Amino acid sequence: MAYSFPEEVLEHVFSFLSSEKDRNAVSLVCKSWYEMERWCRRRIFVGNCYAVNPKIMIRRFPEVKSVELKGKPHFADFNLVPEGWGGYAYPWIVEIARGYPWLEEIRLKRMVVTDESLELISKSFKNFKVLVLSSCEGFSTDGLAAIAANCRNLRVLELRECEVEDLSGHWLSHFPDSFTSLESLNMGCLNSEVSFSALERLVARSPNLKTLRLNRAVPLEKLPTLLQLAPQLVELGTGSYSAEIRSDLCSSLLEAFSRCKNLKGLSGFWDVVPAYLPAFYSMCPRLTFLNLSYATTQSPDLTKIVSQCHNLQRLWVLDYIEDTGLNALSMSCKDLQELRVFPSDPFVADANVLLTEQGLVSVSEGCPKLQSVLYFCRQFSNSALTTIAKNRPNLTTFRLCILEPRAPDYLTFEPLDSGFGSIVQHCKNLRRLSLSGLLTDRVFQHIGTHAKKLDMLSIAFAGDSDLGLHYVLSGCESLRKLEIRDCPFGDKALLANADKLETMRSLWMSSCAVSFGACKVLGQKMPGLNVEVIDERENLDSIPHNSPVEKLYIYRTVAGERFDMPHFVRTMGKDNRRFK
Amino acid sequence: MELQLALSLSSSSSSSCSQFDLNDYNPETLQGKATFGFMKTEDLLNRKVRVTGNEDEKELRVPKTLPLLFCNNSKQDCGDDVNEVESTFLFINHKNCGDENGMIGWPPVKSSRNMKLCHQKNHGGSGGGGDGSRGDGRSKSMYVKVQMEGDGIARKVDLNLHHSYHSLVHTLAHMFGKCKEDVKLTYQDKEGDWLLATDVPWGLFMEAVQRLKLVRSSY
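On a predicted model such as this, the values are computed, not experimentally measured, just so you know.

### Quick word on the nonpolar core
Soluble globular proteins tend to bury their nonpolar side chains together. Judged by nonpolar contacts, the single largest core of 202 residues is most densely connected at Trp171(A), Tyr241(A), Phe257(A), Phe398(A), Ile447(A) and Leu482(A). Dropping the residues within four chain positions of it, Phe398(A) is found in contact with Leu360(A), Val373(A), Leu385(A), Ile388(A), Phe420(A), Ile423(A), Leu430(A), Arg432(A), Leu433(A) and Ser434(A). Of all hydrophobic cores here, the second largest spans 23 residues; its members include Tyr165(B), Val169(B), Tyr187(B) and Met206(B).

### Here we look at the packing of helix α5 (residues 90–99) of chain A against helix α6 (residues 115–124) of chain A
To characterise two packed helices, one gives the angle between the axes of the helices and the distance between these axes. Residue and element names in this part refer to chain A. Direction vectors running N to C along α5 and α6 enclose 15 degrees, while the axes themselves pass 9 Å from each other. Taken together, the axes of α5 and α6 lie roughly parallel to each other. In this structure, α5 meets α6 at a crossing whose hand is left-handed. Residues Tyr90, Ile93, Val94 and Ala97 of α5 touch α6, and the partners they reach there are Glu116, Ser117, Leu120, Ile121 and Ser124.

### A few points about a nonpolar patch on the surface
The grouping of Phe5(A), Val9(A) and Val13(A) at the surface amounts to a nonpolar patch, some 250 Å² of accessible area in total. Relative to the elements of secondary structure, Val13(A) occurs in helix α1 (residues 7–14).

### A word on the packing of aromatic side chains
Counted according to the given criterion, the structure contains 27 aromatic pairs over all chains. Summarising the aromatic geometry, the rings of Phe75(A) and Phe78(A) are spaced 6.1 Å apart at their centres and angled 55 degrees between planes, so their arrangement reads as tilted. For the residue pair Phe75(A) and Phe78(A), the accessibility class agrees, reading buried in each case. Judged by centre distance (5.1 Å) and plane angle (90 degrees), the rings of Tyr187(B) and Phe205(B) are edge-to-face. Separated by 18 residues along the polypeptide, Tyr187(B) in strand β3 (residues 183–188) and Phe205(B) in helix α4 (residues 202–208) bring together distant segments of the chain. Across this residue pair, the class does not change: Tyr187(B) and Phe205(B) are buried. Counting every residue linked through ring pairs, the aromatic cluster contains Tyr50(A), Phe75(A), Phe78(A), Trp85(A), Trp508(A), Tyr553(A) and Tyr555(A). The ring of Tyr50(A) carries Arg562(A) above its face, with NZ or CZ at 4.3 Å from the centroid. Of note, Arg113(B) hangs over the ring of Phe342(A), and the distance from its end group to the ring centre comes to 3.7 Å.

### Considerations on the sheet that holds β3(B)
All names here are of chain B. What the five strands build is an open sheet, ordered β2-β1-β5-β3-β4; its pairing is mixed. Sheet topology places β2 (155–158) and β4 (194–196) at the edges, where each strand pairs with a single neighbour. The mean inter-strand angle of the sheet, taken between neighbouring strand axes irrespective of direction, is 35 degrees. With three bridges connecting them, β3 and β4 associate as antiparallel partners. What sits directly across from Gln188, in β4, is Trp194.

### A closer look at a negative patch on the surface
Residues and elements named next belong to chain A. Taken together, the side chains of Glu7, Glu8, Glu11 and Glu63 make up a negatively charged region of the molecular surface. In this fold, Glu11 is placed in helix α1. Using a relative accessible area of 40% as the deciding quantity, one classes Glu11 as partly exposed.

### Structural notes on the pairing of strand β5 (residues 211–216) of chain B
Residue and element names in this part refer to chain B. Where strand β1 (residues 143–148) meets β5, four bridges bridge the pair, whose relative direction is parallel. Across the sheet, residue Gln147 finds its bridge partner in β5, namely Lys213. Of the strand pairs in this sheet, β3 and β5 are connected by six bridges, and their pairing is antiparallel. Within the sheet, the bridge partner assigned to Val183 lies in β5 and is Arg216.

### Let's talk about the pattern of salt bridges
For side chains bearing opposite charge, pairing can occur when the charged atoms are close. Inspection of the entire model under this criterion finds 30 salt bridges over all chains. In this structure, the salt-bridge partner of Glu255(A) is Arg259(A), at a minimum N-O distance of 3.4 Å. Of this pair, Glu255(A) and Arg259(A) are both found in helix α10 (residues 247–259), four residues apart, which corresponds to roughly one turn of the helix. A residue is classified by how much of its surface remains accessible, and Arg259(A), at 41% relative accessible area, is partly exposed. Through salt bridges with shared partners, a single network forms among Asp77(A), Arg110(A), Glu161(A) and Lys110(B).

### Quick look at a positive patch on the surface
All names here are of chain B. Taken together, the side chains of Lys145, Lys156, Arg211 and Lys213 define a basic patch exposed on the protein surface. Within the secondary structure, Lys213 is located in strand β5. Taking the relative accessible area as the measure of exposure, Lys213 reaches 31% and is therefore partly exposed.

### Details of the pairing of strand β22 (residues 551–556) of chain A
All names here are of chain A. The buried count for β22 comes to five of six residues, which makes it a mostly enclosed element. Pairing of strand β21 (residues 529–534) with β22 involves six bridges; the strand directions are antiparallel. When the sheet's bridge partners are listed, Val533 is paired in β22 with Leu552.

### Notes on helix α11 (residues 299–306) of chain A
Residue and element names in this part refer to chain A. For α11, the set of buried residues is Ser299, Leu302, Thr303, Ile305 and Val306. Looking straight down α11, one finds its buried side chains confined to an arc of 160 degrees; they lie on one side. Against the buried residues of α11 lie β12 (289–292), β13 (314–318) and α12 (322–332).

### Thoughts on the environment of Gly490(A)
Residue and element names in this part refer to chain A. Within the element layout of this structure, Gly490 appears in the loop between β19 (481–485) and α18 (491–496). Assessed through its relative accessible area of 3%, Gly490 is described here as buried. Not counting residues within four places of it along the chain, the set of residues in contact with Gly490 comprises Asp466, Ala513 and Val514.

### A word on the environment of Pro527(A)
Within the secondary structure, Pro527(A) sits in the loop between α20 (516–525) and β21. In this structure the C-alpha to C-alpha distance between Pro527(A) and Ser195(A), which are 332 residues apart in sequence, comes to 54 Å.

What counts and how
- Residues numbered from 1 in each chain as written.
- Chains lettered and ligands numbered in written order.
- Predicted model: local features only at pLDDT ≥ 70, side-chain atom pairs only at ≥ 80, totals over all residues.
- Heavy atoms only, no water.
- Core = buried A, V, L, I, M, F, W, Y, C linked by side-chain atoms within 4.5 Å.
- Buried < 20%, exposed > 50% of the residue type's maximum accessible area, 1.4 Å probe, protein only.
- Contact = heavy atoms within 4.5 Å.
- Axes fitted to C-alpha atoms, helices over the stretch in contact; angles between N-to-C directions.
- Helix = DSSP H or I, 4+ residues; strand = E, 2+ residues; numbered from the N terminus.
- Parallel < 35°, antiparallel > 145°, perpendicular 65-115°, else oblique.
- Left-handed = near helix turned anticlockwise from the far one by under 90°.
- Patch = residues over 30% accessible without salt bridge, like charges linked within 9 Å, V, L, I, M, F, W, Y side chains within 5 Å.
- Areas by Shrake-Rupley, 256 points an atom, 1.4 Å probe, with all protein chains shown as cover.
- Salt bridge = Lys/Arg side-chain N within 4 Å of Asp/Glu carboxyl O.
- Phe/Tyr/Trp six-rings, centres within 6.5 Å; stacked < 30°, edge-to-face > 60°.
- Lys NZ or Arg CZ within 6 Å of the ring centre and 35° of its normal.
- Pairing = 2+ DSSP bridges.
- Lys, Arg positive; Asp, Glu negative; His and termini not counted.
- Charge placed at Lys NZ, Arg CZ, Asp CG, Glu CD.
- Arc of directions from axis to C-beta.

Next comes the structure, spelled out in structure tokens:
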């Protein structure tokens with residue numbers, strides 16, 4: 001008996017599915033569901049732009065409204081991926097322009113985006129609404145001018161930590177006077193001064209503007225003017241937070257801030273002059289997000305601020321906050337979910353601030369909803385890690401960076417294996433983990449045994465032998481992203497777990513002990529993987545097969561090997577005559 | 001600690017791999033002898049690096065095109081055998097062409113963040129406009145040559161990335177694979193004289209320094 005819902009009903013049901021995982025599962029049920037689903041999928045996320053090619057995507061999903069792509073591996077953020085490696089947006093934009101004329105949203109992360117790409121975007125999509133570029137590079141303010149000039153229905157333009165060739169601030173003036181749909185503008189990473197009157201007029205004619213992140217070139221004196229024009233703001237990134245101390249500026253700032261009843265998130269605060277901090281104290285109880293990670297102000301000021309933020313959910317701050325400030329945080333901010341503490345002086349071996357493991361322990365004790373941690377500090381102990389684990393079994397992200405590589409437990413001088421072991425044992429929903437400090441293979445045994453939900457793992461200067469890598473690859477069932485630097489992991493573990501690599505998005509290994517020969521073997525035997533060796537040394541062909549490669553990036557793909565590589569990147573084991 | 005594994009792909013893998021038995025793959029049987037450095041855990045804790053060299057007794061110079069392994073025979077004990085495995089530590093010293101820090105990308109903080117912070121500290125919180133220049137962050141580099149005593153290869157270091165002797169010596173020691181306790185920093189000033197760096201305040205040093213040399217401090 002054939003029984004099925006009419007197509008319209010199925011389509012209606014599927015329209016409630018927003019998660020990709022759900023949609024992927026639905027499409028596997030049967031042919032008709034696959035067909036139905038592919039016609040009504042509206043958002044696509046491609047975590048590795050080389051895992052698939054745009055033609056395949058467009059063929060399968062013909063009516064997409066939003067595309068999100070990621071390019072370079074995460075370690076590119078720390079200059080480990082040489083310039084020219086790849087991640088070019090243009091080939092994708094060309095195909096998408098052809099295939100999705102009604103596309104509304106493009107989000108790109110760690111990709112090389114040219115002005116040409118931006119111009120193409122601005123002219124190809126009549127209903128284009130959202131452009132978010134995170135950690136991208138390769139474009140100039142000319143490309144931004146094209147977006148401003150041509151995207152009549154633009155709602156969101158966000159540049160997050162991009163490297164932009166800043167020719168001038170004139171691009172902002174290209175938004176036509178008839179353009180009133182702006183909801184979110186983030187230009188925080190740009191250096192050039194934009195015309196303030198153009199900015200003022202843009203804000204004035206954007207009644208739906210909810211997010212405004214200024215760049216450092218916007219002086220503090222101008223902030224009250226902007227705030228008066230946009231009291232409906234929900235997220236604000238200040239420009240430079242510095243000026244000569246004038247009482248009239250103090251009071252106008254205070255007044256302007258107090259008018260913004262909806263303001264929930266604050267960031268910016270470059271060049272902070274502490275005298276102006278009290279201007280936003282009245283906002284503190286309403287804040288849910290506060291990014292003070294550029295505010296080079298000392299602990300007493302920071303403590304005063306956080307103590308008033310009773311509804312704070314996410315805090316990003318420099319280690320100037322010190323243990324005392326974090327203690328205050330733990331007592332005042334019971335809704336805290338995410339904490340990121342950045343180092344003020346990362347290259348100095350000796351502590352310049354009184355921030356130790358104790359700060360994080362306090363927060364773990366006092367903040368019952370704490371889920372996500374990024375913490376840079378100079379000392380840690382197994383007992384502190386165990387305390388944190390027991391206090392907060394609900395942790396989902398735990399990224400600890402002890403600044404000195406291979407630093408042992410500062411109390412016992414032992415490796416930190418048992419401490420991190422406690423973390424994975426108690427925090428059963430841990431999805432992301434970054435390790436640091438002195439670690440032996442034992443920590444990886446713990447991770448392989450307990451971290452069953454772990455999705456992303458970052459390892460540096462850790463482990464003794466291939467056994468460490470083997471524990472991780474064979475034990476972590478949910479692992480999708482693994483990035484490793486400076487660890488003694490070699491061929492054995494990698495080859496023994498070759499199958500595992502096809503279940504993951506990618507594996508990065510640099511300054512490890514994987515040989516050219518093993519890479520070649522892996523590439524030959526696993527057609528579903530691209531095994532890229534990234535090695536900038538001269539005379540590569542004369543290096544023996546059993547010598548270690550500099551860097552290795554392995555990812556699964558249905559697009560085959562790529563052909564846009566520079567000379568120092570080779571896909572191993574394919575029919576590659578350049579390197580035998 | 002030995003790796004006790006059946007080194008083969010699972011039988012449920014794709015058919016093209018089913019014949020493949022990794023037990024046949026053994027790095028030691030490939031041509032050439034690997035020259036790895038081994039480190040003991042205790043030595044690591046004491047921040048000492050002791051490597052066993054190969055049969056060639058003379059100190060190896062490390063030209064740019066050599067593989068990553070760092071061989072230094074100066075501390076070799078007579079009885080050591082390259083194949084003797086006291087611990088299973090393996091350390092690859094990562095060479096970075098022309099990079100000022102011995103360790104790229106550590107600590108893992110985005111360079112844009114470092115630059116913005118650096119900018120604020122150097123310019124002492126002056127308000128108003130950015131520098132209007134290219135947004136790649138590097139406001140000014142101050143590269144000087146640095147040599148390790150006894151090592152023919154000179155490196156370069158960007159002094160503007162450092163604010164104290166601590167961070168500079170730490171970086172340089174790492175660059176040359178030494179412990180910072182084992183080295184002293186000397187510099188050549190504008191008159192051509194070689195002086196001990198830590199004798200003068202950091203500011204004066206920064207104004208006068210032309211080149212750097214690390215010497216062994218075991219005298």
